[in-house]
Structure formats: structure tokens, C-alpha cells
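Here are the chains, one letter per residue:
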Amino acid sequence: MAYEKHDNFLFRIGFGGVDPSESPRAKRWGKRLEWPMLFLALWIMVDWYMRSQNLGTERSNLFTDWLIWLGFVAELTIMLLVVQDRGRYLRQNWMTLVIIVGGLPAIWGAHSFYAGAIRMLRLMVVVGILFKVSRDLRSILARHNLGTTLLICFIFLIISGLVISTLDPAFDTPWDGIWWAWVTITTVGYGDIVPATNEGRLFGAILILIGICMFSLLTASFSVFFIEKDEGEIAIKEQQNLERIHHLENRLERIEAKLERALVLLESAQNRPVDVTSEQGKTTRGD
């Protein structure tokens, strides 16, 4: 049910992707294009930062505009070639059309228009692509209560920061406490902010031990996830091998049945009585 709400939200904002009822070929291509589009989304963020800081030249900005625009055109063209219902794909991914059409002024050199609307549209694309990937992330976090464990760690981190900021005078603000709790619970320990009282040091020692335990749990959860993934792939290969073996057994049984019938026919032909009269007649005519 949660995944249905997730997909419906993506459909409404124009990032529906491949419909579940599409062909396996379209689903495969949709998966293949996820990572290139994710890298393109990351480059959009880098480009957005460079433009906001005036770090790029006019030529590099034009090259980036063409690269991003061609990336969306290539994705839309490939998917329209492999999907069965093109109209449905366009309705579910209308934001891609908006990006392509809206990006034309940018590649034509209309940077004044690009600086506002088109930049925001590209950032919308980043959000949409991250939402697509978020379903896979949610499936990972749902295993072995990994998401719940991370949430508990985050809540404990915030509480620890607030506690140390009221317990020790070396921390001026709760943000200092949260920062100290973060570097302490991860056992990094930058040392830029340290407790000045015995109570604060005792709390820090307890927090270090809790951090070691928490990261041990997280490491175990990630290890189990990757092990299960490998075991799943091995199980699929074993199932395929069993199906091949079963197919070979069926073929061998059919071959054995044919051989048995051939042997029966051969034995019956060998045991068939010979007609002596006809053989004598043939001998007489030969004489």
C-alpha cells in the first residue's frame, strides 16, 4: 500500500517511470537508464552550484546545457521505442517533455530565461530521480528493521546533543552539543569541542560505548543484507540449473522410451516365422 502511494505521487509530479504492466523489455531498459539519469541529476546539481558562484565560462555552460538536454532526449527516445503504450508513458512522464521543451531556450543561448525557470525545472528533475531511487532505498531499509535502527540512532543523537549542552558549560548552543554527539557517537572525535566537567566526560564515555554498539548493529545489518542478496542470486542460479537438469531428465526418458520401442520391434522382427513354401518357390524359379 505504501509503494502504491509512492508510485501515485510520482505519477502526479510527472516522474512515473515504466508502468508495472509494461513489457519485460521496457522494464529492463527503465532499470538500465536509472543510473545514467542519476549521474545526470548529480551533474545538474554541480552545474547549478557552478552557475550560482559564476565559476563556469560561457562555452562550458553551453556545453553543459547541450549535454543535459541531450541526456533527457535520449532517455525519452529510447523509452518510447521500447514501451508498448507510448501515450501512457508520456502521460506518466510529462515532466520530461517539459524539461526538453523548456530547455530549448537554454541551448539557443537565452540564458536570461534559463537563469530562472529552467534552473528550477532541472532541480525538480533531481528531486524526481531521487524519488525514483527512494523506493529501492526503502526496500533496503525495510530489511531487518534497518530503517528503524537508523531512526533510533538519529533520535538518540539529538537527545545526546541536547543533554550535553545543558550538562556541560563548554557547549554554548544545542547545535554544538549535537555536533559533538555526532563526532563522538561515530568515534571520530575531532576535538574541536570537548567536555570540561567530569559529568560531561562520563556522559561522553557512555556515548562512545553506545556508538560502538550502534555501529556494530548497523554493520551487521548491512552485512546480512549483502549476504542475502548473494544468496538470492545463488538460489536463482540453482533453480535454473535444476530446471535444466529436469529438462535433460525428461529428454533422456523420452530417448529411453524410443529405444525400448525400437528394441521391441527389432526382437519381434527377429522372432517372426519364415514362410518355407514361398522360400522353396523362390528357389525353384531360380533353378
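Note that the structure is predicted; figures quoted are calculated from it, not measured. (Residues numbered from 1 in each chain as written. Predicted model: local features only at pLDDT ≥ 70, side-chain atom pairs only at ≥ 80, totals over all residues. Heavy atoms only, no water.)

Asker: Teacher, can you tell me more about the overall build of the protein here?
Answerer: For the protein, the helix and strand inventory stands at twelve helices and zero strands. Order of helices (α) and strands (β) in the protein, N terminus to C terminus: α-α-α-α-α-α-α-α-α-α-α-α. When the 287 residues of the protein are sorted by exposure, 29% land in the buried category. A fraction of 68% describes how many contacts in the protein between residues 6 or more apart in sequence connect residues 24 or more apart. When the accessible surface of the protein is split by element, carbon and sulfur atoms take 66% of a total near 19400 Å². (Helix = DSSP H or I, 4+ residues; strand = E, 2+ residues; numbered from the N terminus. Buried < 20%, exposed > 50% of the residue type's maximum accessible area, 1.4 Å probe, protein only. Contact = heavy atoms within 4.5 Å. Areas by Shrake-Rupley, 256 points an atom, 1.4 Å probe, with all protein chains shown as cover.)

Asker: Just checking my understanding: could you explain the pattern of salt bridges for this structure?
Answerer: Two side chains with opposite charge may pair up if their charged atoms get near one another. Counted according to the given criterion, the structure contains two salt bridges. With a closest N to O distance of 3.7 Å, Asp19 and Arg88 form a salt bridge. One end of the pair, Asp19, is in the loop between α1 (2-12) and α2 (24-32); the other, Arg88, is in helix α5 (residues 86-92), and 69 residues separate them in sequence. Of the two residues examined, Asp19 and Arg88, each falls in the buried class. By sharing partners, the salt bridges in this structure join Asp19, Glu22 and Arg88 into a single network. (Salt bridge = Lys/Arg side-chain N within 4 Å of Asp/Glu carboxyl O.)

Asker: Please clarify how unusual backbone geometry should be interpreted in this entry.
Answerer: Across residues other than glycine, the phi torsion is negative in most instances, and most of the peptide bonds are trans. Located in the positive-phi region is Thr187, a residue other than glycine, with phi close to 60 degrees. With respect to the helices and strands, Thr187 occurs in the loop between α10 (174-185) and α11 (198-270).

Asker: Looking at this model, I keep getting lost on the packing of helix α4 (residues 58-82) against helix α6 (residues 94-102). Mind explaining?
Answerer: How two helices sit against one another is set out by the angle between their axes and by the gap between those axes. The geometry of α4 relative to α6 is characterised by a closest axis approach of 10 Å and an angle of 140 degrees between their N-to-C directions. Taken together, the axes of α4 and α6 are oblique relative to one another. The crossing of α4 and α6 is left-handed. Of the residues in α6, those touching α4 at Trp69, Phe72, Val73, Glu75 and Leu76 are Thr96, Leu97, Ile99 and Ile100. The residue inventory of the contact of α4 with α6, partitioned by class, reads seven nonpolar, one polar and one charged. (Axes fitted to C-alpha atoms, helices over the stretch in contact; angles between N-to-C directions. Parallel < 35°, antiparallel > 145°, perpendicular 65-115°, else oblique. Left-handed = near helix turned anticlockwise from the far one by under 90°. Nonpolar A, V, L, I, M, F, W, Y, C, P; charged D, E, K, R; others polar.)

Asker: Can you help me understand the confidence of the model for the protein in this one?
Answerer: Note: predicted coordinates in regions of low pLDDT should not be interpreted at a detailed level. Of the residues in the protein, 74% have a pLDDT of 70 or more, and the chain-wide mean is 76. Helix α12 (residues 276-286) is the least confidently modelled element of the protein, averaging 52 in pLDDT, while α10 averages 90, the highest of any element. (pLDDT = per-residue confidence, 0-100.)

Asker: Even after reading the chapter, I still don't get the side chain of Ser165, so can you show me in this structure?
Answerer: Structurally, Ser165 is set in helix α9 (residues 146-167). Classification of Ser165 by relative accessible area gives buried; the value is 15%. Reaching out from Ser165, the side chain makes a polar contact with the backbone oxygen of Leu162 at a distance of 2.7 Å. Beyond its immediate stretch of four places on either side in the chain, Ser165 contacts Phe171, Thr173 and Pro174. (Polar contact = N/O pair within 3.5 Å; in protein donor to acceptor, adjacent residues only side chain to side chain.)

Asker: Even after reading the chapter, I still don't get helix α3 (residues 34-52), so can you show me in this structure?
Answerer: For the α-helix, the turn length of 3.6 residues means that residues three or four positions removed from each other point alike. The terminal C-alpha atoms of α3 lie 27 Å apart, and with 19 residues this matches the ideal 27 Å at 1.5 Å per residue to within 8%. Here α3 has its buried residues at Met37, Leu38, Leu40, Ala41, Ile44, Asp47 and Arg51. Asn54 sits one or two positions beyond α3 and adopts a positive phi of about 55 degrees. (Expected span 1.5 Å × (residues − 1).)

Asker: How should a nonpolar patch on the surface be read in this particular structure?
Answerer: Together, Leu151, Phe154, Ile155, Ile159, Val163 and Leu167 give the surface a local cluster of nonpolar side chains, amounting to about 520 Å² of exposed area. Examined against the element boundaries, Phe154 turns out to sit in helix α9. (Patch = residues over 30% accessible without salt bridge, like charges linked within 9 Å, V, L, I, M, F, W, Y side chains within 5 Å.)

Asker: Would you explain the packing of aromatic side chains in this entry?
Answerer: For any pair of aromatic rings, geometry is given as the distance between the ring centres together with the angle between the planes. Evaluation of the coordinates by the stated rule reveals four aromatic pairs. Consider the rings of Phe171 and Trp180, whose centres lie 5.5 Å apart with planes at 65 degrees: the pair is edge-to-face. With a relative accessible area of 6%, Trp180 lands in the buried category. Three or more aromatic residues joined by ring pairs form one cluster here, namely Phe171, Trp180 and Phe203. Positioned over the ring face of Trp29 is Arg32, at 4.9 Å from the centre of the ring. (Phe/Tyr/Trp six-rings, centres within 6.5 Å; stacked < 30°, edge-to-face > 60°. Lys NZ or Arg CZ within 6 Å of the ring centre and 35° of its normal.)

Asker: Please explain a positive patch on the surface as it appears in this structure.
Answerer: Together, Arg251, Arg254, Lys258 and Arg261 line one region of the surface with positive charge. By secondary structure assignment, the location of Lys258 is in helix α11. The exposure class assigned to Lys258 is exposed, which follows from its relative accessible area of 55%. (Lys, Arg positive; Asp, Glu negative; His and termini not counted. Charge placed at Lys NZ, Arg CZ, Asp CG, Glu CD.)

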